[in-house]
Amino acid sequence: DAGITQSPRYKITETGRQVTLMCHQTWSHSYMFWYRQDLGHGLRLIYYSAAADITDKGEVPDGYVVSRSKTENFPLTLESATRSQTSVYFCASSGEELRVGLYNQPQHFGDGTRLSIL
Amino acid sequence: SQQGEEDPQALSIQEGENATMNCSYKTSINNLQWYRQNSGRGLVHLILIRSNEREKHSGRLRVTLDTSKKSSSLLITASRAADTASYFCATDASGSQGNLIFGKGTKLSVKP
């Protein structure tokens, strides 16, 4: 089925470990995003990508790494997890063509990964 | 950097009543979007209103936008228990390169 899927749905790990969260979309959307959602902060943008091999920082990028070798995948890596990165992470995608631009485009979200770092 | 601020933070109503949520923002925008989030799920896009539009309808949803006051409202008419969710406004503020900035949301509870 078409859509956007995140894996895993739940993850528990320890501080200092590397963790990779996966995101896959089947719409061939140009834009993909990673957000974290924390109580009291709402959703905050970590990184986004306008197309394959094009990524850029959002509001809270420190401690995170992204890559986009294929249009449909946008993994997020925590290279050395810290307790402050305990959160719910959402991936989203938007837009069909880069030239259309990001304006006036709704975003489509996955169901999130709940990450706990002990 | 929070752009949109929803009000109230929480709202509890009876089934059949109308629910109104407000969103205020700080800088000029191209559009404003409303999303719904059910517990444990991702956000779902509800409606998009462009900066040159004043009102938009979609089923039981009515959204207004007042750019002079930098505010928007989402009205859900004849609410149902299934409308229980958190509602977020999101704006693409100037300088955001088209990225959305989300508010903290209004938690709506509709009691049967």
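Throughout this description, residue numbers start from 1 for each chain and increase along the sequence as written. The naming scheme follows written order: chains are lettered A onward, ligands numbered 1 onward. Since the coordinates come from a predicted model, pLDDT governs what is reported: local features require at least 70, and pairs of side-chain atoms require 80 or more to be given and counted, while whole-chain, interface and lining totals use all residues. Only hydrogens and water are removed before side-chain values are computed, so all heavy atoms of the structure are retained for them.

Student: Can you break down the overall build of chain B residue by residue, with the values?
Tutor: In terms of helices and strands, chain B carries zero helices and eleven strands. Taken from the N to the C terminus, the helices and strands of chain B come in the order β-β-β-β-β-β-β-β-β-β-β. Both definitions apply: the radius of gyration is a C-alpha atom measure, and the globule rule equals 2.2 Å times residues to the power 0.38. For chain B, whose C-alpha radius of gyration is 13 Å, the value lies close to the compact-globule estimate of 13 Å for 112 residues. The C-alpha extent of chain B, read off along each of the three principal axes, is 45 × 30 × 20 Å. Within chain B, the fraction of its 112 residues that count as buried is 47%. Of the contacts made within chain B by residues no fewer than 6 positions apart, 55% connect residues no fewer than 24 positions apart. As displayed, chain B offers around 5200 Å² of accessible surface, 45% of which is attributable to carbon and sulfur atoms. What counts as a helix is a DSSP run of H or I of at least four residues, what counts as a strand is a run of E of at least two, and both are numbered from the N terminus. When a residue's accessible area, from a 1.4 Å probe over protein chains only, is under 20% of the maximum for its type it is buried; when over 50% it is exposed; and in between it is partly exposed. Any two residues whose heavy atoms approach within 4.5 Å at even a single point are treated as in contact. Only the protein chains shown count as covering a residue, and every accessible area follows the Shrake-Rupley method with a 1.4 Å probe.

Student: Explain the packing of aromatic side chains to me, using residue names and the numbers behind them.
Tutor: Centres within 6.5 Å make a pair out of two Phe, Tyr or Trp rings, where for Trp the six-membered ring is used; the pair is then stacked when the planes are under 30 degrees apart, edge-to-face when over 60, and tilted otherwise. For the structure shown, the criterion picks out ten aromatic pairs over all chains. One aromatic cluster in this structure is built from A:Tyr31, A:Phe33, A:Tyr35, A:Tyr48, A:Phe90, A:Phe109, B:Tyr35 and B:Phe102.

Student: Break down the state of the cysteines for me, with residues and values.
Tutor: One covalent bond between the sulfur atoms of two cysteine residues makes up a disulfide. The criterion for a disulfide is a pair of cysteine sulfur atoms lying within 2.5 Å. Scanning all chains against the criterion turns up two disulfides over all chains. What pairs with A:Cys23 in a disulfide is A:Cys91, and their sulfur atoms sit 1.9 Å apart. On the S-S bond that ties A:Cys23 to A:Cys91, the torsion sits near -75°, and the link is left-handed. You can see A:Cys23 sitting in strand β3 (residues 19-25) and its partner A:Cys91 sitting in strand β9 (residues 87-94), a full 68 residues away along the chain. Of the two residues, A:Cys23 and A:Cys91, neither departs from the other in class, the shared state being buried. The disulfide partner of B:Cys23 is B:Cys89, and the S-S distance across this bridge is 2.0 Å. For the disulfide bridge between B:Cys23 and B:Cys89, the dihedral angle about the S-S bond is near 65°, and by the sign convention the bridge is right-handed. Residue B:Cys23 is located in strand β3 (residues 19-24), and its partner B:Cys89 is located in strand β9 (residues 85-93); the two are separated by 66 residues in the primary sequence.

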